[in-house]
Amino acid sequence: MQWTLTPRRERANHNPVLVLNGMPGRGPAETTAHAGDVVRLDATGSTDPNGNALTYRWRHYAELSGGFRPVDVTIERSDTPKAGFKVPGITNPSFQIILEVTDNGEPALTSYRRIIVHAAR
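Computed from a prediction, not measured in an experiment: that's the story for all the values here.

Student: Would you mind showing me how to read the overall build of the protein chain here?
Tutor: Counting secondary structure elements, the protein chain contains one helix and nine strands. For the protein chain, the succession of helices and strands along the chain, N to C, is β-β-β-β-β-α-β-β-β-β. Residues counted as buried form 39% of the 121 residues belonging to the protein chain. Taking the intrachain contacts of the protein chain between residues at least 6 apart in sequence as the baseline, contacts between residues at least 24 apart amount to 66%.

Written as structure tokens, this is what we have:
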């Protein structure tokens, strides 16, 4: 919203633009996996309109994934554009992973995307 306070919109910081597993946009990505599968997470192609440096964080969104039967997901390389995890024994029909990308602009801005992993039966 800083652009509303500056005479030139292009001088304000803007949110990172995310690409999730090759898919640009804002909506969630979806995939299906069996227990024991390795799921690759890839934010390659994400950019910052202002050219700022980006930091990455992948995390399991347990609040939406767990209910009364939480899923335990350990994401390897969770602070890099390319991460992954081994699908645990699945008791829920799906679980969610969040991609969080923050720029180093002033102020720092963060964009989010999610991937929904559906359990293959």
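Student: Would you mind going over the sheet that holds strand β7 (residues 82-86) with me for this structure?
Tutor: Remark on secondary structure: sheet strands pair via backbone hydrogen bonds, oriented parallel or antiparallel. One open sheet accounts for three strands, arranged β4-β7-β6; its pairing is antiparallel. Both outer strands of the open sheet, β4 (38-42) and β6 (75-76), are each paired with one neighbouring strand and no more. One ladder, built from five bridges, connects β4 with β7; its direction is antiparallel. Looking at β7, one finds that Arg40 is bridged to Gly84.

Student: Explain the side chain of Gln96 to me, please; I cannot follow it from the model alone.
Tutor: Structurally, the position occupied by Gln96 is in strand β8 (residues 94-103). Reaching out from Gln96, the side chain makes a polar contact with the side chain of Arg114 at a distance of 2.7 Å.

Student: Any chance you could explain the sheet that holds strand β3 (residues 29-33) here in plain terms?
Tutor: Strand order in the open sheet made by the four strands is β3-β9-β8-β5, with mixed pairing throughout. The sheet terminates laterally at β3 and β5 (54-60), the two strands that pair on one side only. Shown here is a sheet whose adjacent strand axes are inclined to one another by a mean of 20°, direction ignored. Pairing between β8 and strand β9 (residues 110-119): nine bridges, direction antiparallel. Counted as the bridge partner of Phe95 is Val117 from β9.

Student: Please explain the nonpolar core as it appears in this structure.
Tutor: Taken as a class, soluble globular proteins show a tendency for nonpolar side chains to be buried jointly. Membership of the largest hydrophobic core comes to 23 residues, with the highest contact counts inside it found for Leu41, Trp58, Ile75, Phe85, Phe95, Ile97 and Leu99. In contact with Leu41, not counting residues within four places along its chain, are Asn21, Trp58, Ile75, Pro81, Lys82, Ala83, Gly84, Phe85, Ile97 and Ile115.

Student: Help me understand the layout of surface pockets in this model?
Tutor: To find leftover empty space, one rolls a probe the size of a water molecule over the atoms. The calculated volume of the largest pocket comes to roughly 220 Å³. If you trace the largest pocket, you find it lined by Asn15, Pro16, Val17, Leu18, Pro24, Gly25, Arg26, Ser111, Tyr112 and Arg113. Considering every element that reaches the lining of the largest pocket, the biggest residue donor is β9, with three residues. Its residues assigned to classes, the lining of the largest pocket comprises five nonpolar, three polar and two charged.

Student: What exactly am I supposed to notice about the environment of Asp103 here?
Tutor: Considering the arrangement of structural elements, one finds Asp103 in strand β8. In this structure the C-alpha to C-alpha distance between Asp103 and Asn52, which are 51 residues apart in sequence, comes to 5.8 Å. What Asp103 contacts, discounting residues up to four positions off in sequence, is Asn13, His14, Pro16, Asp48, Asn52, Ala53, Leu54, Ala108 and Leu109. One polar contact links the side chain of Asp103 to the main-chain amide nitrogen of Leu109, over a distance of 2.8 Å.

The rules behind these values
Residues numbered from 1 in each chain as written. Predicted model: local features only at pLDDT ≥ 70, side-chain atom pairs only at ≥ 80, totals over all residues. Heavy atoms only, no water. Helix = DSSP H or I, 4+ residues; strand = E, 2+ residues; numbered from the N terminus. Buried < 20%, exposed > 50% of the residue type's maximum accessible area, 1.4 Å probe, protein only. Contact = heavy atoms within 4.5 Å. Pairing = 2+ DSSP bridges. Polar contact = N/O pair within 3.5 Å; in protein donor to acceptor, adjacent residues only side chain to side chain. Axes fitted to C-alpha atoms, helices over the stretch in contact; angles between N-to-C directions. Core = buried A, V, L, I, M, F, W, Y, C linked by side-chain atoms within 4.5 Å. 1 Å grid on protein atoms, 1.4 Å probe; cavity = no way out; pocket = protein on both sides within 12 Å on 5 of 7 lines; lining within 4 Å. Points joined across faces, edges and corners; volume = space filled by probe spheres on them. Nonpolar A, V, L, I, M, F, W, Y, C, P; charged D, E, K, R; others polar.

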